[in-house]
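# Architecture at a glance
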Amino acid sequence: MWMHLVNMVLEVLAGLVAGTCLLRFVMQWQRISFQQPIGRFVFAVTDWLVLPLRKLIPAGSGWDLSSLLGAWLVKLAQFGLLWFLAGGRGALGLLPLVSLVGLVQLVVSALGALVLVLAVMSWVNPGSPMHVLSERLCAPFLQPFRRWIPLVGGVDLSPLALLLLLQMLGIVLAQLQMSWMY
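First, a word on scope: everything that follows refers to the structure included in this document. (Residues numbered from 1 in each chain as written. Predicted model: local features only at pLDDT ≥ 70, side-chain atom pairs only at ≥ 80, totals over all residues. Heavy atoms only, no water.)

Below, the discussion takes up the packing of helix α4 (residues 95-124) against helix α5 (residues 129-148). Packing of α4 against α5 brings their axes to within 9 Å, and their N-to-C directions diverge by 130°. The pairing of α4 with α5 is recorded here as oblique in orientation. At the point where α4 passes α5, the crossing takes the left-handed sense. Here α4 contributes Leu 111, Leu 114, Val 115, Val 117, Leu 118, Met 121 and Ser 122 to the contact with α5, which in turn contributes Met 130, His 131, Ser 134, Glu 135, Leu 137, Cys 138, Phe 141 and Leu 142. Residue classes in the contact of α4 with α5 are distributed as 11 nonpolar, three polar and one charged. (Axes fitted to C-alpha atoms, helices over the stretch in contact; angles between N-to-C directions. Helix = DSSP H or I, 4+ residues; strand = E, 2+ residues; numbered from the N terminus. Parallel < 35°, antiparallel > 145°, perpendicular 65-115°, else oblique. Left-handed = near helix turned anticlockwise from the far one by under 90°. Contact = heavy atoms within 4.5 Å. Nonpolar A, V, L, I, M, F, W, Y, C, P; charged D, E, K, R; others polar.)

Residue placement: Thr 46 occurs in helix α2 (residues 37-56). Taking relative accessible area as the criterion, Thr 46 reaches 0% and is therefore assigned buried. One polar contact links the side chain of Thr 46 to the main-chain carbonyl oxygen of Val 42, over a distance of 2.6 Å. Dropping the residues within four chain positions of it, Thr 46 is found in contact with Val 17, Thr 20, Cys 21 and Arg 24. (Buried < 20%, exposed > 50% of the residue type's maximum accessible area, 1.4 Å probe, protein only. Polar contact = N/O pair within 3.5 Å; in protein donor to acceptor, adjacent residues only side chain to side chain.)

A separate point is the side chain of Ser 99. Looking at the secondary structure, you find Ser 99 in helix α4. Leave out the neighbours within four places in its chain, and Ser 99 touches Trp 72, Lys 75, Leu 76 and Phe 79.

All chains considered together, the criterion is met by five salt bridges. Counted as one network, the salt bridges with shared partners bring together Glu 135, Arg 146 and Asp 156. (Salt bridge = Lys/Arg side-chain N within 4 Å of Asp/Glu carboxyl O.)

Turning to the nonpolar core, a few remarks are in order. Within the largest apolar cluster, 13 residues are counted, with the highest numbers of intra-cluster contacts made by Ala 71 and Val 74. Mapped by element, the contributors of at least two residues to this core are α1 (2-29), α2, α3 (65-85) and α4. If you tally residues by element for this core, the top one is α1, at five residues. What Val 74 contacts, discounting residues up to four positions off in sequence, is Ala 14, Val 17, Ala 18 and Leu 49. If you look at the next biggest cluster of nonpolar residues, it comprises 12 residues, including Val 108, Leu 118, Leu 162 and Leu 173. (Core = buried A, V, L, I, M, F, W, Y, C linked by side-chain atoms within 4.5 Å.)

This brings us to α5. The end-to-end C-alpha distance of α5, which contains 20 residues, comes to 28 Å, matching closely the 28 Å that a straight helix rising 1.5 Å per residue would cover. The sharpest bend along α5 comes to roughly 60°, located at Ala 139, with the proline Pro 140 sitting one to four residues further on. Those residues of α5 lying buried are His 131, Leu 133, Ser 134, Leu 137, Cys 138, Leu 142 and Phe 145. (Expected span 1.5 Å × (residues − 1). Bend = angle between axes of the 7 residues up to and from the residue.)

Quick look at the packing of aromatic side chains now. Evaluation of the coordinates by the stated rule reveals four aromatic pairs. Ring centres 5.7 Å apart and planes at 25° place the aromatic pair Trp 29 and Trp 63 in the stacked group. A residue pair is termed long-range when its members are at least 10 positions apart, and Trp 29 in helix α1 and Trp 63 in the loop between α2 and α3 qualify at 34 residues. Relative to Phe 141, the ring of Trp 29 has its centre 6.1 Å away and its plane inclined at 70°; by these criteria the two rings are edge-to-face. (Phe/Tyr/Trp six-rings, centres within 6.5 Å; stacked < 30°, edge-to-face > 60°.)

Read these as layout, nothing more, since geometry by itself doesn't imply function.
Written out as structure tokens, the structure reads:
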């Protein structure tokens, strides 16, 4: 039972830090200003990790690879600690791969939550800054669906299609990760 509790606490902490690193990556990719409360929060949570990594990984091609590496390192630390606490059961060599799958799972669940926020904000308060931010963050992922799925009675069903795909991907990733861990 205590392993489940430790796992939950580590999942929340690693998810917060790694997810914020991923948010930093996407905000820079989409050229979203950090001069807002969410941007300041992102810097406050990730600067301790991302700034030292920038010394190792030079900026190039417009991608913030240090934020991606930081997110992966957080997930690697999470799974490494779980491996250690479980008595070293499982293949230590698979931890980097399991951590990568865990990072992709975090992306899938965070994007799903963001799409839900976008949908709710579009109904409740479509002109709010949170709606604009969530629209800009989701746009690259929704665009392929919007090309193929027409509006139905003025309603955009592309978020529903993206959520369905994300759910299926999440199931596949969870099964893949479980097969490697045990």
